[in-house]
Amino acid sequence: MTIEIAIILIPFIMAALIPLFNRRLQKSFIGWVVLVIPVSLFLILTTYIPRIAKGETFSHTYWWIPSFNINFTTYLDGLSLIFSLLITGVGSLVILYSIFYLSIKESLHHFYCYLLLFMGAMLGVVFSDNLMVLYAFWELTSVSSFLLIAFWHHRKASRAGARKSMTITVSGGVAMLVGFLMLYAMSGTLSIREIIGNVDEISEQTLFIPALVLVLLGAFTKSAQFPFHIWLPDAMEAPTPVSAYLHSATMVKAGIYLVARFTPVFGGEVVWFWAVTGVGLLTLFWGAFNAVRQSDLKAILAFSTVSQLGLIMSLLGLGSVAVHLGYSTSSVIYTQATFAALFHLINHSTFKGALFMMVGIVDHEIGTRDIRRLGGLMSILPFTFTIALIGCFSMAGLPPFNGFLSKEMFFAATVSITNLDIFSIASIGILVPVIAWIASVFTFIYCAIIVSKTFLGKIKPDILEKNPHEAPVGMLISPFILIGLVIAIFFFPNTLGAYILKPAMSSVYPTFPATAEMTPHIYAWHGFKPELFMTIGVILVGLLLYRYMKHWIKIYRLFPQKWTLNAIYERVITSSENISESITNRYMNGNLMHYFIYIYVSFVVIVAGTFLTLEAFSWTPSLDAPVENYELLLVFIMIFASCALIFAKSRITAVLLNGVLGYAIAFFFVIFRAPDLALTQLVVESVTTALYLICFKYLAELKPEKTSKRVKLSNGIISILVGSTVTLIGLAVINYEKFESISVYFEDSYKLAGGKNIVNTILGDFRAFDTMLEVVVLLIAGLGIYTLIKLKAAKKGDADT
Amino acid sequence: MESLMMILIGVLVTVGTYLVLSRNLIRVILGTAVLSHAVHLLILTMGGLKKGAVPLLSQSEGPFTDALPQALILTAIVISFATTAFLLVLAYRTYKTNGSDDLQELRGMSDE
């Protein structure tokens, strides 16, 4: 057990323990106990920072299923470290915040149990080197996210949101699994590091591009990229601490992690570049564009998260160009996009986490998140206002906050990419900075909306009636820590760069030497460069558009409601539900006869079909034993009795005919040298017949079958087909002698088992377990019969219901 | 003899299948009984017929007829007896509760 494996397992162990000590603990105390876990994990992880910064990596393997190459291999490098610090760091703050946010009347033990489950799964994702283990943890994050979104499961919207996120992320996850399997088929290993080592070999293969697309599908669905982003706004039905944690800082970043992790594998491909950059930019624009028209504060933040994730994604796409170009002094400039992506990843977690907590406070204290009903809260919630102001300034890319730095780097990266002349960038590359700039204008507008519509202006009278007041200190601690980081990172970005970002860069570009260009010095002021003018333009145009919003807001109505992605999703889900229901109702119609027909027809089709296509029929009557006259007579008696059984009008006749069959078989047993069978058969047949007769006392007389001639005919045909299939196969198999009979072994029964009756020794000794289980079957049947009879006695009074 | 037995088994299976497909509960149960008869004969025939003496060491020196199918059939007889008994009581309960042994009428009566 190494520390890294322990880090993954501790949250799971704690999650399992919560139900145990839940009863003994005071409810208000449980959050504090849980808080210990992420805080201590965070502290343990910080001890790795200096060593990782020096370029060390930590890997440990716990052999799990070596025969399938599935091992629990943890790998801790710069990239994993960033994510694990975010997971535990933001996790600690969110749990601290939730202690004050959630009322103790809620089922807190469930909440913290799910949250820890999620934390463990997420740490598992970023620490796993083995693709299968990574996949397992990946799906576990979807499951725990589902549980957390549906935490208030009495609300219909929560359940619908949970289902939507589950449907979309899990289908992406399954696509990713197929992609992983393709990678395994090509490289023969499930270890990510070994796959990265074999890139040259596998990039030539035909499965390479399909694998790339499938892995990207997994990343895009998880990171809410267009058009899969629709689950994220609905996931906001979760309690606000969950939204702050899962749906802004951690889980949605798993897709970013995956893309960063696989950049060394797929980064050289043109498909990768355009898919990641293009989808990222589209998401960036679409999220920002839609955030502007939302009226729910949380919905604005949801779309803004979508948009920011698109920004990070597109930066990773731009950075992948460097992998294609290979290391040279001219190409190293393009790695700065990846650097900016990782930088913005951290920045986004800080300001977005703070903003979500801010919305949570507004919701908690005022009772609504609708910006049409809010306004003028600046005087009531001064501290919350500070959080909102700083968070939004940072998000809009204004100094002196960390968002400004990464936004400038983003603009710089989009501008510098237009100089490239590969991947047909020359023709459409100019769109990259244009889209980025337009999206940033919208980002600025929705940031202005959050601040002004909530905190500026006049207070609505109905809010004043409730006498709102500032949130308790406990709720303010977490967002203020995050806001502190927002400012601190702006002033000391290069500390972060040297210790956290630099080692992560070498994980994304393992073949590049760690030169100074790989970790550029971050300046707040770098002269009059295009990116500065872009920022100024964003502010000016943004202010102008915000001022005259009334005039252009109508463009949102141009989109037909019927064709929004959500409407399409709903239609697909409803129609597939309806179709599957109607199909199921058609064949699961409650008619036992039809179910039997399915079984028999598939038996005939599959068995006889295979039999005929393989031309396996053979019949050698010459090997048969001779037929005596009395045997012939018995056979005819049986055939006659069985045919008569079909036409039997009374049940007594039917049972007697069945008895004829049973006793005739006993005769056959005698003839075929099976005295034990004959005895047993005689006894059992007598008892069965008696049982039938006893039951008949209580049952109705046989009625003639009311089925139509057509059904009878088709049933007859099916029966004949089944019967002849059995006969044909029996004839073909009877003289099959590919291997020796194993029965010779049992003939030594006296020596081996001390019995002279071979059949008895088989039952009582060689295969005694069979016999024991047979007795168990008898016992179960006996219990069942007893229960069924007793049940009647007990429920006699209300048997008619 | 084996070929003849196979034909007999085919007839039994046909009859059993036809009965199982009927609407009356008693006929269905009889059908399962006929089917298990057929299967017992099938297993026995598969082991080869009249290939040797009764598998009792005290009776002869061998060669013996194959004892393994016999042991399997012995188990099967007992189990088919158990299931038949259970089905009969189930039919009895169904008839008591619902007042019908017609499967067509019984469908959809459970609280799905």
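What you are looking at is a predicted structure, and each value in this text was computed from that prediction instead of being measured. (Residues numbered from 1 in each chain as written. Chains lettered and ligands numbered in written order. Predicted model: local features only at pLDDT ≥ 70, side-chain atom pairs only at ≥ 80, totals over all residues.)

A. Quick look at the overall build of chain B. Each helix and strand in chain B was counted, giving 4 helices and 0 strands. The secondary structure elements of chain B, listed N-terminal to C-terminal, are α-α-α-α. Since a compact globule built from 112 residues should have a radius of gyration of about 13 Å, the 19 Å found for chain B marks it as more spread out than a globular shape. With the principal axes as the frame, chain B shows a C-alpha extent of 60 × 30 × 20 Å. The buried share among the 112 residues of chain B stands at 59%. (Helix = DSSP H or I, 4+ residues; strand = E, 2+ residues; numbered from the N terminus. Rg over C-alpha atoms; globule rule 2.2 N^0.38 Å. Buried ≥ 20, exposed ≤ 12 C-beta atoms within 10 Å, placed from the backbone.)

B. Focus on the overall build of chain A. What chain A contains, in helices and strands, is 35 helices and 2 strands. In terms of overall dimensions, chain A has C-alpha extents of about 115 × 65 × 55 Å along its principal axes. Evaluated residue by residue, chain A yields a buried proportion of 45% over its 801 residues. Once local pairs closer than 6 in sequence are excluded, the contacts in chain A between residues at least 24 apart make up 77%. (Contact = placed C-beta atoms within 7 Å.)

C. Region of the structure containing the UniProt feature "domain: MrpA C-terminal/MbhD" (unreviewed entry) in chain A. As annotated in UniProt, the feature "domain: MrpA C-terminal/MbhD" (unreviewed entry) corresponds to residues 637-699 of chain A in the numbering used here. A distance of 29 Å separates the end C-alpha atoms of residues 637-699 of chain A, which is 86% helix and 0% strand. (UniProt positions renumbered as here; feature names shortened; annotations may be inferred.)

D. Spotlight on unusual backbone geometry. All names here are of chain A. The omega angle of the peptide bond from Phe226 to Pro227 is -5°, so this bond is cis rather than trans. Summarising the element assignment, Pro227 is placed in the loop between helix H10 (208-222) and helix H11 (231-234). Geometrically, the link from Pro399 to Pro400 is a cis peptide bond, its omega value of 0° lying close to zero. Checked against the element boundaries, Pro400 lands in the loop between helix H18 (382-396) and helix H19 (402-417). At Asn69, a position not held by glycine, the phi torsion is positive, near 65°.

E. Focus on the UniProt feature "transmembrane region" (unreviewed entry) in chain B. Residue and element names in this part refer to chain B. If you check UniProt for "transmembrane region" (unreviewed entry), the listed places come out as residues 6-21, 28-47 and 67-92 in our numbering. Taken end to end, residues 6-21 comprises 94% helix and 0% strand; its first and last C-alpha atoms sit 22 Å apart. Secondary structure content for residues 28-47 is 95% helix and 0% strand, and the end C-alpha separation is 29 Å.

F. Layout of the nonpolar core. Within the largest apolar cluster, 202 residues are counted, with the highest numbers of intra-cluster contacts made by Ile82, Leu116, Leu148, Leu315 and Tyr446 of chain A. Here this core takes 18 residues from helix H17 (residues 335-366) of chain A, the largest share from any one element. By size, the runner-up hydrophobic cluster in this structure holds 69 residues, among which are Ile734 of chain A together with Ile29, Leu57 and Val89 of chain B. (Core = buried A, V, L, I, M, F, W, Y, C linked by C-beta atoms within 7 Å.)

G. Spotlight on helix H30 (residues 651-671) of chain A. In this model, H30 of chain A (21 residues) spans 30 Å end to end at C-alpha, consistent with the 30 Å of a helix rising 1.5 Å per residue. Of the residues making up H30 of chain A, those classed as buried are Arg651, Ala654, Val655, Leu657, Asn658, Leu661, Gly662, Ala664, Ile665, Ala666, Phe668 and Phe669 of chain A. Against helix H29 (629-647) and helix H31 (675-696) of chain A together with helix H2 (25-46) of chain B lie the buried residues of H30 of chain A. In the stretch just after H30 of chain A, Arg673 of chain A is the one whose phi turns positive, near 60°. (Expected span 1.5 Å × (residues − 1).)

H. Representation of the pairing of strand E1 (residues 58-65) of chain A in the model. Residue and element names in this part refer to chain A. Looking at chain direction, E1 and strand E2 (residues 70-76) are connected through 6 bridges and run antiparallel. Considered in E2, the bridge of His60 is made with Thr74. What sits between E1 and E2 in their antiparallel hairpin is a turn of 4 residues, with Asn69 showing a positive phi close to 65°. (Pairing = 2+ DSSP bridges.)

I. Region of interest: the interface of chain A and chain B. Taken together, the contact between chain A and chain B spans 87 residues of the former and 75 residues of the latter. A breakdown of the residues in the side of chain A that touches chain B according to their chemical character gives 51 nonpolar, 22 polar and 14 charged. (Nonpolar A, V, L, I, M, F, W, Y, C, P; charged D, E, K, R; others polar.)

J. Here's a closer look at the packing of H17 of chain A against H18 of chain A. Residues and elements named next belong to chain A. Taken N-terminus to C-terminus, the directions of H17 and H18 make an angle of 145°; their axes are 9 Å apart at the nearest point. H17 and H18 meet at a crossing whose hand is left-handed. Along the contact surface, H17 presents Asn347, Phe351, Ala354, Leu355, Met358, Ile361 and Val362, while H18 presents Thr384, Ile387, Ala388, Gly391, Ser394 and Met395. When grouped by side-chain class, the residues that make up the contact of H17 with H18 number 9 nonpolar, 4 polar and no charged. (Axes fitted to C-alpha atoms, helices over the stretch in contact; angles between N-to-C directions. Left-handed = near helix turned anticlockwise from the far one by under 90°.)

K. How the structure looks around the environment of Gly326 of chain A. Residues and elements named next belong to chain A. Within the secondary structure layout, Gly326 lies in the loop between helix H16 (321-325) and H17. The exposure class of Gly326 is exposed, given the 10 C-beta atoms found within 10 Å. For the pair formed by Gly326 and Gly268, sequence separation is 58 residues and the distance between their alpha carbons is 8.7 Å.

L. Structural detail: the domain arrangement of chain A. Domain boundaries assigned for chain A yield domain 1 (270-547), domain 2 (592-741) and domain 3 (742-796). Relative placement of domain 2 of chain A and domain 3 of chain A: their C-alpha centres are 24 Å apart. (Domains from an automatic or database assignment.)

M. Structural view of H18 of chain A. Residue and element names in this part refer to chain A. Between its first and last C-alpha atoms H18 spans 21 Å; for 15 residues at 1.5 Å apiece the expected length is 21 Å, and the two agree. On the buried face of H18, the contacting elements are helix H15 (297-319), H17, H19, helix H21 (431-455) and helix H23 (473-491). At the C-terminal side of H18, Gly397 shows a positive phi close to 90°.

N. Here's a closer look at the packing of helix H1 (residues 3-21) of chain A against helix H2 (residues 30-46) of chain A. Residue and element names in this part refer to chain A. Where H1 meets H2, the axes come as close as 10 Å, and the angle between the chain directions of the two elements is 170°. Relative to H2, the element H1 is oriented roughly antiparallel. Contacts between H1 and H2 involve Ile3, Ile7, Ile10, Pro11 and Met14 on the former and, on the latter, Val34, Ile37, Leu41 and Ile44. The residue inventory of the contact of H1 with H2, partitioned by class, reads 9 nonpolar, no polar and no charged. (Parallel < 35°, antiparallel > 145°, perpendicular 65-115°, else oblique.)

O. Broad picture of the environment of Thr75 of chain B. Following the sequence through the fold, Thr75 of chain B ends up in helix H3 (residues 67-98). Residue class for Thr75 of chain B comes out partly exposed when judged on the 18 C-beta atoms lying within 10 Å of it.

P. Spatial organisation of the confidence of the model for chain B. All names here are of chain B. Taken over all residues, the pLDDT of chain B has a mean of 85, while the share at 70 or more is 96%. Taken element by element, chain B is modelled with least confidence in helix H4 (residues 103-106), mean pLDDT 76, and with most confidence in helix H1 (residues 2-20), mean pLDDT 92. Across the assembled chains, the prediction reports ipTM 0.92 with pTM 0.76. (pLDDT = per-residue confidence, 0-100.)

Q. Just the environment of Ile694 of chain A, in detail. Residues and elements named next belong to chain A. Of note, Ile694 is situated in helix H31. Overall, the presence of 12 C-beta atoms within 10 Å leaves Ile694 in the exposed class. Sequence separation between Ile694 and Lys466 is 228 residues, and the spatial gap between their C-alpha atoms is 78 Å.

R. Inspection of the confidence of the model for chain A at higher detail. Model confidence for chain A is summarised by a mean pLDDT of 86, while 98% of its residues fall at 70 or above. When mean pLDDT is compared element by element in chain A, helix H6 (residues 131-149) of chain A scores highest at 93, while helix H22 (residues 461-465) of chain A scores lowest at 70.

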